[in-house]
Amino acid sequence: MSDKKVRGNGRPANGKSQERSKGLSGKELWDAQFASTPKRAGAIDRTISDLPLKPMYGPEDLAGIDYERDLGYPGEYPYTRGIHPTMYRGRLWTMRQFAGFGTAKQTNERFHFLLAQGQTGLSVAFDMPALMGYDSDHPRALGEVGKCGVAVATLQDMQDLFAGIDLGAISTSMTINCTAPVALALYIATAESQGVPQEKLSGTLQADMLKEYIAQKEWIYPPEPSMRIITDMMSYCARHVPKWNSISISGYHIREAGSTAAQELAFTLADGFAYVEAGIAAGMDVDEFAPRLSFFFNAHSDFFEEIAKYRAARRIWARHMRERFAAKNPRSWTMRFHTQTAGCSATAQQAQNNIMRVAFQALGAVLGGTQSLHTNSLDEVLALPTEENAQIALRTQQIIAYETGAGNVIDPLGGSYYVEKLTNELEAEAERYFERIAELGGVIPAIHAGFFQKEIADASYRYQREIESGERIIVGVNDFVQEEAESISLLKIDRAVELEQCRRVQEFRANRDGEAAQRALDRLAEAARGDENLMPHYLNCVRSKATLGEISEALVPVFGRYREPAVI
Amino acid sequence: MARPIRILVAKAGLDGHDRGAKVIARALRDAGCEVIYTGLHQTPEQVVEAAIQEDVDGIGLSVLSGAHMTLFPRIKELLVKEGSDDIVLFGGGTIPPEDVKPLLAAGVAGVFTPGTPMATIVDFVRRECGKRVGA
């Protein structure tokens, strides 16, 4: 690609463009004029993901596009223009700010604050021990309790987390993966204690283990048993928690790990197809569970590439679900997704500038038709957000929603020569990746081979080198640098939080019927050795007051522990 | 001719953010270092044991979970205890500016916050870890 680049001095003027000879078309004249004029240096001839760009797109780039077949109307197959006929004319996207830090009580206060500020859904960030299956007082949890999310180890913690919040009236997203069945069981049991039956619960569990092995790297068991746990949850939710999205298939972390937009798109959808195949292999009808599958994408800085990515994602999903998996229910064809602005694009330098980055990224997500959105706070590159910064982030969404008019017209960039062309190119690139993954034997064999991990590491190193060379400018980092006048105030998680949380977990264990908890754990392990659905057994464990760490550990003798092929 | 500098790139603690660690590992390798990568979720004990076994000149530790104030000092303490305090400990991650000084005071030789150019880290390694090579 770089050989096409035209550097500062330009080329000698092309004679043709000056002649204005009659035989030339407008396009030919423009081509000639463009070629003869000097250009800026830098990475301007490709997207942030290294997709080559023309300087201008025109009618010829729409050649081959059939409106009805490739775009359709909003709410119509293949949903390129959006999954609902009304889109934001009917209802705005859900403004869902991810929050969690310290103890359950501290996070509960933040939830009440966010709801009072007009937030319309909850999203829980758990701390690393909860995400990895350790209780807060486990030696491996030392220094990590309540640090990058809320500490939850017991049913009491979950009840404290949602104190004063009616679980029958709110939708809750929980970003948790290898311990997702425990979190779901704790949530259901908490709702029961509020008198809310599981049929009424609405929300989303991330529970996407494939992307853990690919990118986020939080795991306990190997991929194969993890897939069984997920299909058990999918099947349980389809039957007993019908309004629950049992899985949120995530590209966000793949992108954060350094992938390109095309890789994010391709790997996420490949994971999605793998879950569909697993559900079918477990004996479910595709239309029984596919309507509850949801997605989660990153909103990065290359504005048009991101919009094209969301549009391509909807179209690919619809086509594969209808054509390849023979789904009959249109809800199985529609891709619903959450979006979060790119944490990896935030800079510690001149951190206030992150407000602007987030605003552009969020606007891209809205123009791409997202169903819900989290806008990052300016301070998240260094710590969890303060209340003030979390509020600015939420206000950013409200300004987009109510002041810019961006949501008043559906898919406003549909028909743009550039955006349609980019949508096609991203779809084609994703299809090429699907072929390579199939050649490797599917997603899980490709994980074992380190394929995704290597592709992502290559892309992130290329990107970093472009920044180092100055070819790609990051404002405040490698250009427009200034001495930092003052540091921003950050949220600090006190060491006392860890001690307090450990004390509470120990108190919880001391005050329960330990034998009943152990019996429930034994029963879970026994079920895991056979092929029963594990979800009722997880529920039995939390009702018997077994802790998150105990439940996670109980299955290690059955399923084993995962060790990754470390790829540089 | 001096032998190449040997660096252990380590991920301690529970977080799985390995993008930075991998980028640094590649940059150091491209700069002529021998790089060993621990993989994820190592305990401080495992990191120090690997460093001694591999006879490295430096440990580059990456922490993005907020546990840096626990993990860096613990690794330093173990290095001292094992009599391997000549191994240079440096690292980075989501580390707020005000935590840099206490980490340096705890014996961490270099703390690199988000946005640090790879070249800065490579220069640091050549200068500080190069001493141990005796080049």
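What you see is a predicted model, and the numbers here were worked out from it, not measured in a lab.

K.L.:
So what's going on with the overall build of chain B? Residues and values would help.
P.N.:
On a plain count of helices and strands, chain B comes out with 6 helices and 5 strands. Taking 14 Å as the expected radius of gyration for a compact globule of 135 residues, we find that chain B reaches 13 Å, a close match to that expectation. By its C-alpha atoms, chain B is 40 × 35 × 25 Å across when sized along the principal axes. Evaluated residue by residue, chain B yields a buried proportion of 55% over its 135 residues.

K.L.:
Could you give an account of the sheet that holds strand β2 (residues 98–99) of chain A, with specific residues and numbers?
P.N.:
Residues and elements named next belong to chain A. The 5 strands are arranged β2-β3-β4-β5-β6 in an open sheet whose pairing can be described as parallel. The sheet terminates laterally at β2 and β6 (244–245), the two strands that pair on one side only. Taken together, the 4 bridges between strand β4 (residues 171–175) and strand β5 (residues 202–205) define a ladder with parallel strand orientation. Across the sheet, the residue bridging to Met174 is Leu205, located in β5.

K.L.:
Any details on the interface of chain A and chain B? Residues and values, ideally.
P.N.:
Counting residues at the interface gives 32 residues for chain A, matched by 29 residues for chain B. When residues of the side of chain A that touches chain B are assigned to their parent elements, the largest contribution, 5 residues, is made by helix α19 (residues 451–468) of chain A. Here the residues of the side of chain A that touches chain B sort into 17 nonpolar, 8 polar and 7 charged.

K.L.:
So, the pairing of strand β8 (residues 293–299) of chain A: which residues are in play, and what are the values?
P.N.:
A regular strand places its side chains so that they alternate between the two faces of the sheet. Residue and element names in this part refer to chain A. Of all 7 residues in β8, 7 are buried; the element is thus mostly enclosed. Neither face of β8 is exposed, since Leu293, Phe295, Phe297 and Ala299 on one face and Ser294, Phe296 and Asn298 on the opposite face are all buried. Both strand β7 (residues 247–250) and β8 contribute to a ladder of 4 bridges, which runs parallel. Note on β8: the bridge partner recorded for Ile249 is Phe295.

K.L.:
Summarise the packing of helix α11 (residues 261–281) of chain A against helix α13 (residues 303–324) of chain A; cite the residues concerned and give the values.
P.N.:
All names here are of chain A. Two elements in contact, α11 and α13, have axes separated by 10 Å at closest approach and are oriented at 25 degrees. As the angle between them shows, α11 and α13 are arranged roughly parallel. As α11 runs across α13, the sense of the crossing is right-handed. Packed against α11, whose contacting residues are Ala261, Leu265, Leu269, Gly272 and Phe273, the element α13 presents Glu305, Glu306, Lys309, Ala312, Ala313, Ile316, Trp317 and His320 at the interface.

Here is what the cut-offs are and how they apply
Residues numbered from 1 in each chain as written. Chains lettered and ligands numbered in written order. Predicted model: local features only at pLDDT ≥ 70, side-chain atom pairs only at ≥ 80, totals over all residues. Helix = DSSP H or I, 4+ residues; strand = E, 2+ residues; numbered from the N terminus. Rg over C-alpha atoms; globule rule 2.2 N^0.38 Å. Buried ≥ 20, exposed ≤ 12 C-beta atoms within 10 Å, placed from the backbone. Pairing = 2+ DSSP bridges. Contact = placed C-beta atoms within 7 Å. Nonpolar A, V, L, I, M, F, W, Y, C, P; charged D, E, K, R; others polar. Axes fitted to C-alpha atoms, helices over the stretch in contact; angles between N-to-C directions. Parallel < 35°, antiparallel > 145°, perpendicular 65-115°, else oblique. Left-handed = near helix turned anticlockwise from the far one by under 90°.

Limitation: the analysis is restricted to geometry and does not speak to function.
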